[in-house]
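Structural description and commentary
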Amino acid sequence: MKKLALHWQILIGMVVGILFGIGMAQWNGGKDFVGDWIAPFGKIFVNLLKLIAVPLILASLIKGISDLKDIAKFRNMGLRTILIYIGTTVIAITIGLGIVNLVKPGSGVSEETIEKLSRTYEGNENIQGKLATAAAQKDAGPLQALVDMVPDNAVSAMSNNSLMLQVIFFAIFLGISMLLIGEERSQPLKNFFDSLNDVVLKMVDLIMLTAPFAVFALLANVVVSADDPEILLALLYYALTVIAGLFLMIVVYCLIFALYVKKSPFWFLNKIAPAQLLAFSTSSSAATLPVTMERVEEHMGVEKDVSSFVLPVGATINMDGTSLYQAVAAVFVCQALNIEIGLAGQLTIILTALLASIGSAAVPGAGMVMLVIVLESIDFPSELLPVALALIFAVDRPLDMLRTTVNVTGDATVASVVAKSLGKFGEPDVKNWDDNLDEVTS
């Protein structure tokens with residue numbers, strides 16, 4: 001009997017988790033039961049993915065750069081990667097602005113709904129935390145993002161997953177230094193990182209065996225923790241506008257992939273589906289990174305020296321889905337609160353959302369923090385910022401799941417385009433968790 005494909009296993013786990021969560025939500029003790037006995041398994045799964053993220057970035061990035069043999073190749077790849085990421089982010093923001101101006105979801109929100117949302121969420125600790133973080137970001141100098149990229153202690157940077165850009169900087173610095181001392185002297189260190197890379201990828205395979213059960217736990221917990229259905233219904237028009245924009249961005253990725261890589265977009269979506277589903281379940285590009293790298297390298301055929309650079313950088317600075325969401329959310333709250341926003345303001349949103357997507361990459365809960373920065377750039381009244389966040393807070397989690405899925409899809413698309421442009425898009429070479437099992441069993 002043929003084994004069911006991994007993405008179908010994960011999808012079944014998601015559906016069962018959602019249905020189970022709905023059932024538990026109807027029971028008085030259901031939320032506590034799921035929180036105590038189901039949710040921990042989802043958290044363990046996410047922790048395992050985060051556990052191997054830093055070793056994987058270190059090993060794969062250093063291996064990829066040292067395999068290049070030529071610094072000029074790394075410069076070409078880096079320049080193409082950054083330019084393409086900027087291009088797709090501008091497209092995403094433009095799509096967001098286009099659809100929110102066309103649909104005008106904010107014009108249908110009543111004053112009663114605004115007041116109810118404000119009462120419910122204005123004093124929320126998460127909202128206050130996002131406002132404080134955004135204020136700190138605003139007070140920082142214009143080059144603070146560059147300063148934050150350079151660690152003063154490599155070991156400390158590796159101990160914190162939110163400092164992924166610092167880990168990437170250290171890995172690139174070490175990889176280039178290995179190139180400069182020559183292949184013979186760098187070989188022992190290169191052998192170590194080659195071996196570490198193989199071991200970590202095997203860990204990915206083992207972790208993914210539990211993926212269907214983990215997404216069941218994650219989705220069940222999301223459903224039982226959902227907000228008041230009446231509030232969610234009031235924001236449905238806005239949520240559907242964001243979802244439509246995110247869907248259009250997926251279509252753009254598929255068109256880019258089909259036109260440039262010259263492969264079927266359905267093939268692309270099929271290969272990247274497990275990473276997309278995990279991004280949806282975890283709401284974290286960083287946690288999904290090990291799976292994204294495994295799918296792009298082994299199942300799509302992108303060579304390691306490309307994927308090991310493009311994907312970690314993308315997981316930290318490429319926020320196409322989040323940037324699209326910023327555009328829709330910023331205009332939506334202005335519409336809902338009857339604040340006029342003209343063409344100049346919308347052009348400012350494009351520029352600010354682009355810069356914020358890079359500068360806020362390492363900030364936890366970056367989506368709402370970025371939104372505050374974007375709103376402040378168009379002179380949004382500061383006293384209304386808590387109200388603005390309260391307006392969208394109820395549906396932020398499900399939309400966060402969707403925009404993370406778009407972010408991961410964008411990373412995979414750019415990795416494919418860069419690989420194709422460098423002649424490094426080969427044939428898939430799928431490895432299974434038990435490929436070497438016969439060597440360790442008698």
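Residues numbered from 1 in each chain as written. Predicted model: local features only at pLDDT ≥ 70, side-chain atom pairs only at ≥ 80, totals over all residues. Heavy atoms only, no water.

1. Focus on the side chain of Ser 186
For clarity, the cut-off: Secondary structure elements are taken from DSSP: a helix is a run of H or I of four residues or more, a strand is a run of E of two residues or more, and numbering for both begins at the N terminus. Contact definition: two residues touch when any of their heavy atoms are within 4.5 Å.
With respect to the secondary-structure elements, Ser 186 resides in helix H9 (residues 183-208). Apart from the residues lying within four places of it in its own chain, the contact partners of Ser 186 are Met 178 and Ile 181.

2. Points about the packing of helix H3 (residues 71-103) against helix H20 (residues 396-421)
To keep things clear, this is the line we draw: Lines fitted to C-alpha atoms define the axes, with helix axes restricted to the stretch in contact, and inter-axis angles between N-to-C directions lie between 0 and 180 degrees. Here the angle decides the label: under 35 degrees means roughly parallel, over 145 means roughly antiparallel, 65 to 115 means roughly perpendicular, and every other value means oblique. Definitions for this section: a left-handed crossing has its near helix turned counterclockwise from the far helix by less than a right angle. A right-handed crossing has that turn clockwise. Only Asp, Glu, Lys and Arg are considered charged, only Ala, Val, Leu, Ile, Met, Phe, Trp, Tyr, Cys and Pro nonpolar, and every remaining residue, Gly among them, polar.
For the pair H3 and H20, the least separation of the axes is 10 Å and the interaxial angle reads 140 degrees. Here H20 runs oblique to H3, going by the angle between their axes. Where H3 crosses over H20, the two elements pack in a sense that is right-handed. Taken together, the residues of H20 that come into contact with H3 (itself represented by Met 77, Arg 80, Thr 81, Ile 84, Tyr 85 and Thr 88) are Gly 410, Asp 411, Val 414, Val 417, Val 418 and Ser 421. Considering only residue class, the contact of H3 with H20 consists of six nonpolar, four polar and two charged.

3. Focus on the side chain of Lys 190
On the secondary structure map, Lys 190 appears in helix H9. Leaving out residues up to four positions away in the same chain, Lys 190 has contacts with Ser 66, Asp 67 and Met 178.

4. Digging into helix H15 (residues 304-317)
Counted only if it meets this: To estimate the expected span of a helix, count its residues, drop one, and scale the result by 1.5 Å. For each residue, the accessible area found with a 1.4 Å probe, counting protein chains only, is set against the maximum for its type, and the residue is called buried under 20%, exposed over 50%, and partly exposed in between.
Its 14 residues give H15 an end-to-end C-alpha distance of 20 Å, which sits within 8% of 20 Å, the value for a rise of 1.5 Å per residue. Within H15, 14 of the 14 residues are buried, which leaves it mostly tucked inside the rest of the structure.

5. Considering the confidence of the model for the chain
Where we set the bar: Along the chain, pLDDT gives the predictor's confidence residue by residue, from 0 to 100.
Residues of the chain with pLDDT of at least 70 account for 95%, and the chain-wide mean is 88. The lowest-confidence element of the chain is helix H11 (residues 229-234), averaging 72 in pLDDT; the highest-confidence one is helix H12 (residues 236-261), averaging 96.

6. A look at the packing of aromatic side chains
Quick note on the threshold: In this analysis, rings of Phe, Tyr and Trp, with Trp reduced to its six-membered ring, are considered paired at centre separations within 6.5 Å, and the interplanar angle assigns stacked below 30 degrees, edge-to-face beyond 60, and tilted for intermediate values.
Overall, the coordinates contain nine aromatic pairs when judged by the stated rule. On the basis of an interplanar angle of 45 degrees and a centroid distance of 6.0 Å, the ring pair of Phe 169 and Phe 173 is categorised as tilted. With Phe 169 and Phe 173 both in helix H8 (residues 164-180) and four residues apart, the pair spans about one turn of that helix. Overall, the relative accessible area of 31% leaves Phe 169 in the partly exposed class. Owing to a relative accessible area of 54%, Phe 173 belongs among the exposed residues under this scheme. Judged by centre distance (4.5 Å) and plane angle (25 degrees), the ring pair of Phe 257 and Phe 268 falls under stacked. Of the two residues, Phe 257 sits in helix H12 while Phe 268 sits in helix H13 (residues 265-282), which places them eleven residues apart along the sequence. The class of Phe 268 is buried, set by a relative accessible area of 0%.

7. Quick look at the pattern of salt bridges
Rules: The salt bridge definition used is simple: a Lys or Arg side-chain nitrogen within 4 Å of an Asp or Glu carboxyl oxygen.
Per the counting criterion, the structure on display carries eight salt bridges. In this structure, the salt-bridge partner of Lys 424 is Asp 305, at a minimum N-O distance of 3.0 Å. With Lys 424 in the loop between H20 and helix H21 (437-440) and Asp 305 in helix H15, the pair connects residues that are 119 residues apart, well separated along the chain. Accessibility assignment for this pair places Lys 424 and Asp 305 in one class, buried.

8. Brief notes about the environment of Met 24
Inspection of the secondary structure puts Met 24 in helix H1 (residues 6-25). Judged by its relative accessible area of 16%, Met 24 falls in the buried class. Separated by 402 residues in sequence, Met 24 and Gly 426 place their C-alpha atoms 47 Å apart. Apart from the residues within four sequence positions on either side, Met 24 is in contact with Gly 30, Lys 31, Phe 33, Val 34 and Val 224.

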